[in-house]
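Survey of secondary and tertiary structure
The lines below spell out each chain.
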Amino acid sequence: MKIFSYIIIAIAIALIGFNLTKVNFSNPFEGDSSVALIGVIAGLCAIVLLLIFKASKSIEEKTK
């Protein structure tokens, strides 16, 4: 499970990087830029959720 979470975090970082290249910073809320911003936010949420999951598993192992 540890390796799987690292793989998903790496994929999320790659998707954030790809979506950042699609953002038009002069008009970030128009057209494809808004979709790219949603993708960036979704990737960041995925990373935060996985880090919370890893922290909870670490706490669970320490309490056993």
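Use the structure listed above.
Reference entry: report on the structure contained in this document. (Residues numbered from 1 in each chain as written. Predicted model: local features only at pLDDT ≥ 70, side-chain atom pairs only at ≥ 80, totals over all residues. Heavy atoms only, no water.)

Before going further, it helps to spend a moment on the overall build of the protein. Counting secondary structure elements, the protein contains two helices and zero strands. The globule rule puts the C-alpha radius of gyration for 64 residues at 11 Å, and the 15 Å found for the protein is more than 25% above it. Across its three principal directions, the C-alpha atoms of the protein cover 50 × 15 × 10 Å. Each charge class in the protein was averaged separately, 6 positive and 4 negative side chains, and the resulting centres sit 14 Å apart. (Helix = DSSP H or I, 4+ residues; strand = E, 2+ residues; numbered from the N terminus. Rg over C-alpha atoms; globule rule 2.2 N^0.38 Å. Lys, Arg positive; Asp, Glu negative; His and termini not counted. Charge placed at Lys NZ, Arg CZ, Asp CG, Glu CD.)

Moving on: the packing of helix 1 (residues 2-22) against helix 2 (residues 32-63). Between helix 1 and helix 2, the least distance of the axes is 8 Å, while the angle of their chain directions is 160 degrees. Overall, the two elements helix 1 and helix 2 adopt an arrangement that is roughly antiparallel. Where helix 1 crosses over helix 2, the handedness of that crossing is left-handed. Contacts between helix 1 and helix 2 involve Ser 5, Tyr 6, Ile 8, Ile 9, Ala 12, Ile 13, Ile 16, Asn 19, Leu 20 and Lys 22 on the former and, on the latter, Ser 33, Ala 36, Gly 39, Val 40, Gly 43, Leu 44, Ile 47, Leu 50, Leu 51 and Lys 54. Residues belonging to the contact of helix 1 with helix 2 are distributed by class as follows: 13 nonpolar, five polar and two charged. (Axes fitted to C-alpha atoms, helices over the stretch in contact; angles between N-to-C directions. Parallel < 35°, antiparallel > 145°, perpendicular 65-115°, else oblique. Left-handed = near helix turned anticlockwise from the far one by under 90°. Contact = heavy atoms within 4.5 Å. Nonpolar A, V, L, I, M, F, W, Y, C, P; charged D, E, K, R; others polar.)

The end-to-end C-alpha distance of helix 1 is 31 Å, a good match for the 30 Å that 21 residues give at a rise of 1.5 Å each. Of the positions making up helix 1, those classed as buried are Ser 5, Ile 9, Ala 12, Ile 16 and Asn 19. Across the axial projection of helix 1, the buried residues extend over an arc of 90 degrees, all falling on one side. Exposed residues on helix 1 whose side chains face more than 90 degrees from its buried face are Ile 3 and Thr 21. If you follow the buried residues of helix 1, they end up packed against helix 2. (Expected span 1.5 Å × (residues − 1). Buried < 20%, exposed > 50% of the residue type's maximum accessible area, 1.4 Å probe, protein only. Arc of directions from axis to C-beta.)

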